[in-house]
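So the chains spell out like this:
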Amino acid sequence: MDILMSILHEQQKKSEAAADQCDTGLKDVACDLCTRRKRKASKSCTQCLVSYCEDHLQPHHDVPAMKKHKLIEPVENLEDNICFQHKQVKTRFCLNCKECICDLCQTDKHTDHRIEPVELAQEQLQAAQLSVQHRVQVLESDISLLQQELPAINESADKVVSEIENKLQAFLIQKIKQQQQTEITRVQNLLKQLQQMLAEEKKQDTELEQIAQIKSYTDFFKQWSSVSAKEDNTSITSAIPEHPSPLKYFEQAFMAVSEFVKGFENLTQTVIEENVSLTQNSEFLQYSTEITLNRNTASNTLALSEYSTKVAYSIEKQSRSPHPDRFIDKPQVLSIKALPPRCYWEVEWTGISVLVGVAYKAIMREGPESEFGNNNKSWMLECQKKRGYSFKHNSKKEDLRVPCQSHRIRVFLDYKAGILSFYEVSETNKFTNSSTNHLQSYDYIYKEALRWTWTLFEKCNCKDVCQRRQIEAKTPNLPEY
């Protein structure tokens, strides 16, 4: 060993002069033997636990004893990334034990554990970066379009007001001005939402880029495992809802006034943005959607019926195999399929309190942020027998100040328009002749497909009653599970 160290020492002296002209890059692993300016390492030795540049690596090619050493691609913090038991690089991560392991460790002590290779994690990181960057581009494009729309709205409104001010009474001009302010407020609200989403995506892109720079497998896995659980790689499309151009609202108003001066009360209907108002059951029926619940997401405190259309809270925990999609802490469940762009469904519930609504598939499965309504990935209507209705989203709760008079809820979703509406359906009539009470509607920009959600508490059960075939009669209790 003394001979080997003397050879390395001599080799180091010969190369120090050249070292002044060679620097490592930001992403390079530095040579451990360079004393002045660190040069880029070309190999790391698993036996010496040292990374070498080309000059300092030469003894490993020349000295017989050192030729037997195992050389690998350069690794930063080599001692932290070598398995001392098997003398191999830790290229895998055990999700159960939360630690890096080598190939032999996997077959030795981690045979039944969930193992993820570093290559897969790096590929997931790259996919996450591409997804975030794409969303940033879409959001920046939408913001640019909305910013261009603001002056166009003002210009169009001012032009129409100038042309009709001598033909209409003061109150009609006021109507148009009010619509002008409505349109400006709509665009400003959209801008605010998009800019907030853009800031979040850019922040996430920066975090992912920082993780991508980490050379230590141990540090990389620790950072990536904490981020990947929250990361969703879904693509994003333009978030601007489809509706008639606001530039046409005012021209249409002018034409309507010219032809129907006496019917000015109908004018406001031509300038108000189209919204879906489905008050008759026949109108709802064309968008009806059957809901099938996903057993792999159901908490073990929930019992599902044979066809997964009914669910009840179970005091005795259900015996189910572990699944990464299953909710751990909360009595919650998601639907199997994503909801169509425009749809409605109805549910009947019994008990004291339930939550119904929609959520992204990428919602967390455990911890405080996994609770429906306690994050920015879910929108929930809370139905309480004694306290009435409230709406929950992103940890904020809005009391609707409406008493709970029925146990049937109707939900309407228009994904592209960003509309989510809740109705209470009268229990005294059959489906073909039932009455509805509009509880509340909400406007949001949805980034990805939504799924139907339920949260049930003790002594509660729910069932889907919106089916294209004959609607099943209401029953007071669920069948046995």
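Above this text sits the structure in question.
Everything in this summary refers to the structure shown in the same document. (Residues numbered from 1 in each chain as written. Predicted model: local features only at pLDDT ≥ 70, side-chain atom pairs only at ≥ 80, totals over all residues. Heavy atoms only, no water.)

## Here's the deal with the overall build of the protein chain
- If you tally the helices and strands in the protein chain, you get 10 helices and 21 strands.
- Counting all 481 residues of the protein chain, 45% fall into the buried class.
- For the protein chain, restricting intrachain contacts to residue pairs at least 6 apart in sequence, the fraction spanning at least 24 positions comes to 60%.
- Carbon and sulfur atoms form 48% of the exposed surface of the protein chain, whose accessible area is close to 26200 Å². (Helix = DSSP H or I, 4+ residues; strand = E, 2+ residues; numbered from the N terminus. Buried < 20%, exposed > 50% of the residue type's maximum accessible area, 1.4 Å probe, protein only. Contact = heavy atoms within 4.5 Å. Areas by Shrake-Rupley, 256 points an atom, 1.4 Å probe, with all protein chains shown as cover.)

## A word on the packing of aromatic side chains
- Considering all chains together, one arrives at 14 aromatic pairs under this definition.
- When the ring of F93 is compared with that of F221, the centres are 4.7 Å apart and the planes differ by 10 degrees; the resulting orientation is stacked. On the criterion of sequence distance, the pair formed by F93 in strand β6 (residues 92-94) and F221 in helix α7 (residues 217-228) is long-range, its members being 128 residues apart. Like F93, the residue F221 is buried in the burial classification.
- Put simply, the rings of Y360, W379, F391, Y415, F422, Y442, Y444 and Y446 touch in pairs and so form one group of aromatic residues.
- The ring of F327 has R365 sitting right over it, with the charged end atom 4.9 Å from the ring centre. (Phe/Tyr/Trp six-rings, centres within 6.5 Å; stacked < 30°, edge-to-face > 60°. Lys NZ or Arg CZ within 6 Å of the ring centre and 35° of its normal.)

## Observations concerning unusual backbone geometry
- The phi dihedral of L49 falls on the positive side, at around 60 degrees, and the residue is not glycine.
- By secondary structure assignment, the location of L49 is in the loop between β1 (43-45) and β2 (50-52).
- Positive phi, close to 70 degrees, is recorded for S395, a residue that is not glycine.
- Its location among the elements puts S395 in the loop between β15 (388-393) and β16 (396-399).

## What about the pattern of salt bridges?
- In total, this model carries 13 salt bridges according to the counting rule given.
- A salt bridge links R39 to D55, with the nearest nitrogen and oxygen atoms 2.7 Å apart. Of this pair, R39 sits in the loop between α1 (2-19) and β1 while D55 sits in helix α2 (residues 54-62); the two residues are 16 residues apart in sequence, bridging distant segments of the chain.
- R408 is paired through a salt bridge with E346; the nearest N and O atoms lie 3.4 Å apart. In this pair, R408 sits in strand β17 (residues 408-414) while E346 sits in strand β12 (residues 342-350), placing the two residues 62 residues apart along the sequence. This pair shows no difference in class: R408 is buried, exactly as E346 is. (Salt bridge = Lys/Arg side-chain N within 4 Å of Asp/Glu carboxyl O.)

## With respect to the sheet that holds β1
- Strand order in this open sheet of three strands is β2-β1-β3, and the pairing throughout is antiparallel. Here the strands that pair on one side only, and so sit at the sheet edges, are β2 and β3 (71-72).
- With two bridges connecting them, β1 and β3 associate as antiparallel partners. Each bridged residue has a counterpart across the sheet, and for C45 the counterpart in β3 is L71.
- Across the sheet, α2 is in contact with β1, β2 and β3; its angle to β2 comes to roughly 110 degrees. (Pairing = 2+ DSSP bridges. Axes fitted to C-alpha atoms, helices over the stretch in contact; angles between N-to-C directions.)

## Considerations on the sheet that holds strand β7 (residues 99-101)
- If you walk across this open sheet you meet the three strands as β7-β6-β8, and the pairing is antiparallel. Two strands lie at the open edges of the sheet, namely β7 and β8 (115-117), each paired on one side alone. Between one strand axis and the next, the sheet turns through 35 degrees on average, direction left out of account.
- Note that β6 and β7 share three bridges and pair antiparallel. Across the sheet, residue C94 finds its bridge partner in β7, namely E99.

## So, the environment of F84
- Along the chain, the position of F84 falls in the loop between β4 (82-83) and β5 (88-89).
- For the pair F84 and T46, spaced 38 residues apart in the sequence, the C-alpha separation amounts to 9.5 Å.
- Discounting chain neighbours no more than four positions away, the residues touching F84 are L49 and E79.

## Re the packing of helix α5 (residues 118-164) against α7
- Between α5 and α7, the shortest axis-to-axis distance is 11 Å and the interhelical angle comes to 50 degrees. The angle between the axes of α5 and α7 places the two elements in the oblique class. Between α5 and α7 lies a crossing of left-handed hand. Residue-level inspection shows V118, A121, Q122, Q124, L125 and A128 of α5 in contact with α7, the latter providing Y217, F220, F221 and W224. (Parallel < 35°, antiparallel > 145°, perpendicular 65-115°, else oblique. Left-handed = near helix turned anticlockwise from the far one by under 90°.)

## A look at the environment of Y307
- Tracing the chain through its elements places Y307 in the loop between β9 (302-304) and β10 (310-313).
- For the pair Y307 and L293, spaced 14 residues apart in sequence, the C-alpha to C-alpha distance is 8.5 Å.

## Points about the pairing of strand β18 (residues 419-425)
- Counted residue by residue, β18 has seven buried out of seven residues, so it is predominantly covered.
- Going residue by residue along β18, you find I419, S421, Y423 and V425 tucked away on one face and L420, F422 and E424 tucked away on the opposite face as well.
- The pairing of β17 with β18 spans six bridges and is antiparallel. The residue of β18 that forms the bridge with L413 is L420.
- When β18 meets strand β19 (residues 436-443), the two strands line up antiparallel, connected through seven bridges. Across the sheet, L420 pairs through a bridge with Y442, a residue of β19.

## What about α2?
- Among the residues making up α2, those that are buried are H56, L57, P59 and H60. With its buried residues spanning 135 degrees around the axis, α2 presents them on a single face. (Arc of directions from axis to C-beta.)

## Some points on a negative patch on the surface
- Together, D32, E76, E79, D80 and D219 make up a negatively charged patch on the protein surface.
- Using a relative accessible area of 36% as the deciding quantity, one classes D219 as partly exposed. (Patch = residues over 30% accessible without salt bridge, like charges linked within 9 Å, V, L, I, M, F, W, Y side chains within 5 Å. Lys, Arg positive; Asp, Glu negative; His and termini not counted. Charge placed at Lys NZ, Arg CZ, Asp CG, Glu CD.)

## Regarding the state of the cysteines
- Inspection of the entire model under this criterion finds zero disulfides.
- No disulfide involves C105; its sulfur sits 3.5 Å from that of C102, the nearest cysteine.
- The class of C105 is buried, set by a relative accessible area of 12%.
- The structure places no disulfide on C404, whose sulfur is separated from the nearest cysteine sulfur, that of C383, by 6.2 Å. (Disulfide = S-S within 2.5 Å.)

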